[in-house]
4 protein chains.
Amino acid sequence: MTSRPESLDLCHGSEKSVVQPHKQALLNRLNRIAGQVKGISGMIESDRYCIDILTQVSAVQSALDALALQLIEDHTKGCVQKAVRQGEGDAAILELMDVLKKIRR
Amino acid sequence: MTSRPESLDLCHGSEKSVVQPHKQALLNRLNRIAGQVKGISGMIESDRYCIDILTQVSAVQSALDALALQLIEDHTKGCVQKAVRQGEGDAAILELMDVLKKIRR
Amino acid sequence: MTSRPESLDLCHGSEKSVVQPHKQALLNRLNRIAGQVKGISGMIESDRYCIDILTQVSAVQSALDALALQLIEDHTKGCVQKAVRQGEGDAAILELMDVLKKIRR
Amino acid sequence: MTSRPESLDLCHGSEKSVVQPHKQALLNRLNRIAGQVKGISGMIESDRYCIDILTQVSAVQSALDALALQLIEDHTKGCVQKAVRQGEGDAAILELMDVLKKIRR
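Residues numbered from 1 in each chain as written. Chains lettered and ligands numbered in written order. Predicted model: local features only at pLDDT ≥ 70, side-chain atom pairs only at ≥ 80, totals over all residues. Heavy atoms only, no water.

Trainee: Help me out: how do you make sense of helix 3 (residues 89-102) of chain D in this one?
Mentor: All names here are of chain D. Counted at 1.5 Å a residue, the expected span for helix 3 with its 14 residues is 20 Å, and the 20 Å between its end C-alpha atoms agrees. Taken together, the buried positions of helix 3 are occupied by Gly89, Ala92, Ile93, Leu96, Met97, Val99 and Leu100. With its buried residues spanning 165 degrees around the axis, helix 3 presents them on a single face. Where helix 3 terminates, the next one or two residues include Arg104, which has phi positive at roughly 45 degrees. (Helix = DSSP H or I, 4+ residues; strand = E, 2+ residues; numbered from the N terminus. Expected span 1.5 Å × (residues − 1). Buried < 20%, exposed > 50% of the residue type's maximum accessible area, 1.4 Å probe, protein only. Arc of directions from axis to C-beta.)

In structure tokens:
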């Protein structure tokens, strides 16, 4: 946001602020996901059939998985690449691996 | 089995209306999930670090997985058991397997 | 195995012996999987590119997932249905859910 | 970067030969996995209970997942870092993302 002198538009230093390169697209996706979650609540409230509800849950899971992959790709292209160039690649990769272990297991 | 006065138990007939046995708990969970999704939007809007965002995404994935498992368990205990007792177990189990293939892939 | 007086060819009683309905097909699949695992060892021994190795690992994961789904389907159609008919459905379903939590997470 | 006397480090050029940094450990793991797969065949041959078989299948899945994570970590630390330093990071990261989509789905 605002002005950033040069280059450091990603992952700067200790504060670790990152302007997501697909920021608006990510926000749109999250909006859709929030809507889907609300839709599932509505299905449960109106006593819809379990299998239909589960089908919607799986759609949200897929949407979240895709979102996570986008974030991982952008993070790797941005922050991790930058860390590698600055000689701090190993730490950045360990951090990435920790997140890969948590995500969609 | 035997007589069921007016239906509202589980999985009745063609309309397939099901009152979830943990209905309120499920709705509460979905509310929390919707809140978490909003939280992720907020993190992206305020340019939080990718890894922190991904950690939150993985928390939502876990919450959704747990929700799906609850739905599957209740569906199996309810609708599938009932179908088995009515001699329609194989169809109900095929339907269940189809959902298991979709869920948390 | 050996003689089985009547019908109870699945999941009988305490000893819990089960002749898998797709026994030979499952054994063939496992043979292929064992071969794929050996193939991966060979790739590592001959210093093949990591991405090619990982592609093979994902093929084995898919093969195992499909095997697990087959076992789950047969178990549900066989043992779980039988348990339901004998009034022991809830216990069988809890056991099934425990396995679903472990499998392919 | 720059000069590498006898090349055999990681990921060189078009032939893409890679000596895995944990080569012997990976081969040992694969040996154990092959043994576990054989064990599952034995369980099916001797008509063991489905749930016990599935528990073993989930153990192999976990072992394969751990193997995949090790390969991904070593690949990222090795080949991807090297590609980034050589200005070919984006292509290497796309390739990595493709594998992440396939692995443990």
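Trainee: What's the story with the interface of chain D and chain C in this structure? I'm lost.
Mentor: Often, the extent of an interface is quoted as the loss of accessible area on bringing the components together. Contacts between the two partners involve 44 residues from chain D and, on the opposite side, 44 residues from chain C. Together, the buried faces of chain D and chain C total about 4,300 Å²; carbon and sulfur atoms form 69% of this surface. The largest per-residue losses of area from chain D upon contact with chain C belong to Asp47, Tyr49 and Leu54 of chain D, which jointly make up 17% of the total buried on that side. If you look at where chain D meets chain C, you find 16 residue pairs in polar contact (both at pLDDT 80 or more). Of all elements in the fold, only helix 1 (23-45), helix 2 (50-85) and helix 3 of chain D reach the threshold of two or more residues within the side of chain D that touches chain C. The greatest single-element share of the side of chain D that touches chain C, amounting to 17 residues, is contributed by helix 2 of chain D. The residue inventory of the side of chain D that touches chain C, partitioned by class, reads 25 nonpolar, 8 polar and 11 charged. (Contact = heavy atoms within 4.5 Å. Buried area = accessible area lost by both parts, 1.4 Å probe. Polar contact = N/O pair within 3.5 Å; in protein donor to acceptor, adjacent residues only side chain to side chain. Nonpolar A, V, L, I, M, F, W, Y, C, P; charged D, E, K, R; others polar.)

Trainee: Help me out: how do you make sense of the nonpolar core in this one?
Mentor: Membership of the largest hydrophobic core comes to 136 residues, with the highest contact counts inside it found for Val57 of chain A, Val57 of chain B, Val57 of chain C together with Val57 of chain D. Val57 of chain C has contacts with Ile40 of chain C together with Leu64, Leu67, Ala68, Leu71 and Ile103 of chain D, leaving out every residue within four places of it along the chain. (Core = buried A, V, L, I, M, F, W, Y, C linked by side-chain atoms within 4.5 Å.)

Trainee: Help me understand the relation of the copies chain D and chain C in this model?
Mentor: Between the two copies of this chain, the relationship is a rotation about some axis together with a displacement along it. If you rotate chain D by 180 degrees and push it 0.0 Å along the axis, it lands on chain C with an RMSD of 0.0 Å. The operation mapping one copy onto its partner corresponds to a two-fold rotation axis. For chain D, the minimum C-alpha distance to the rotation axis belongs to Ala34 of chain D and amounts to 2.8 Å. Interface residue correspondence from chain D to chain C reaches 98%, placing this contact among same-surface, isologous pairings. (Least-squares fit on C-alpha atoms with pLDDT ≥ 70 in both.)

Trainee: What am I meant to see in the packing of helix 2 (residues 50-85) of chain C against helix 2 of chain D here?
Mentor: For any two helices packed against each other, one specifies the inter-axial angle together with the distance between the axes. Viewed as axis vectors pointing N to C, helix 2 of chain C and helix 2 of chain D meet at an angle of 160 degrees, and their least axial separation amounts to 10 Å. The angle between helix 2 of chain C and helix 2 of chain D places the two elements in the roughly antiparallel class. For the element pair helix 2 of chain C and helix 2 of chain D, the recorded crossing hand is left-handed. Taken together, the residues of the contact of helix 2 of chain C with helix 2 of chain D sort by class into 24 nonpolar, 4 polar and 2 charged. (Axes fitted to C-alpha atoms, helices over the stretch in contact; angles between N-to-C directions. Parallel < 35°, antiparallel > 145°, perpendicular 65-115°, else oblique. Left-handed = near helix turned anticlockwise from the far one by under 90°.)

Trainee: Got a minute to help me understand the confidence of the model for chain A in this structure?
Mentor: A low pLDDT score tells you not to read the predicted coordinates there in detail. Residues and elements named next belong to chain A. Summary statistics for chain A give a mean pLDDT of 88 and a share of 85% for residues scoring 70 or more. Per-element mean pLDDT across chain A ranges from 95 in helix 3 (residues 89-102) up to 98 in helix 1 (residues 23-45). This model gives residues 1-9 a pLDDT under 50, and the stretch forms 9 contacts once residues within four places in sequence are excluded. We note a pTM of 0.88 for the whole complex and an ipTM of 0.87 for its interfaces. (pLDDT = per-residue confidence, 0-100.)

Trainee: It is not clear to me how the pattern of salt bridges should be interpreted in this structure. Could you clarify?
Mentor: Where charged atoms from two side chains of opposite charge approach closely, those side chains can pair. Under the defined criterion, the tally for this structure stands at 12 salt bridges over all chains. A salt bridge links Lys101 of chain A to Asp98 of chain A, with the nearest nitrogen and oxygen atoms 3.9 Å apart. One end of the pair, Lys101 of chain A, and the other, Asp98 of chain A, are both in helix 3, 3 residues apart, so they sit about a helical turn from each other. Across the pair Lys77 of chain B and Glu73 of chain B runs a salt bridge, and its minimum N-O distance is 3.0 Å. (Salt bridge = Lys/Arg side-chain N within 4 Å of Asp/Glu carboxyl O.)

Trainee: Explain helix 1 (residues 23-45) of chain C here, please?
Mentor: The α-helix winds at 3.6 residues per turn, so residues separated by three or four positions along the chain end up facing the same way. The first and last C-alpha atoms of helix 1 of chain C sit 33 Å apart over 23 residues, in line with the 33 Å expected at 1.5 Å per residue. Listed as buried for helix 1 of chain C are Leu26, Leu27, Leu30, Ile33, Ala34, Val37, Ile40, Ser41, Met43 and Ile44 of chain C.

Trainee: Sorry if this is basic, but what is going on with the packing of helix 1 of chain A against helix 1 (residues 23-45) of chain B here?
Mentor: The geometry of helix 1 of chain A relative to helix 1 of chain B is characterised by a closest axis approach of 10 Å and an angle of 170 degrees between their N-to-C directions. Taken together, the axes of helix 1 of chain A and helix 1 of chain B are roughly antiparallel relative to one another. Along the contact surface, helix 1 of chain A presents Lys23, Leu26, Leu27, Leu30, Ile33, Ala34, Val37, Lys38, Ile40, Ser41, Ile44 and Glu45 of chain A, while helix 1 of chain B presents Lys23, Leu26, Leu27, Leu30, Ile33, Ala34, Val37, Lys38, Ile40, Ser41, Ile44 and Glu45 of chain B. Tallied by class, the residues present in the contact of helix 1 of chain A with helix 1 of chain B amount to 16 nonpolar, 2 polar and 6 charged.

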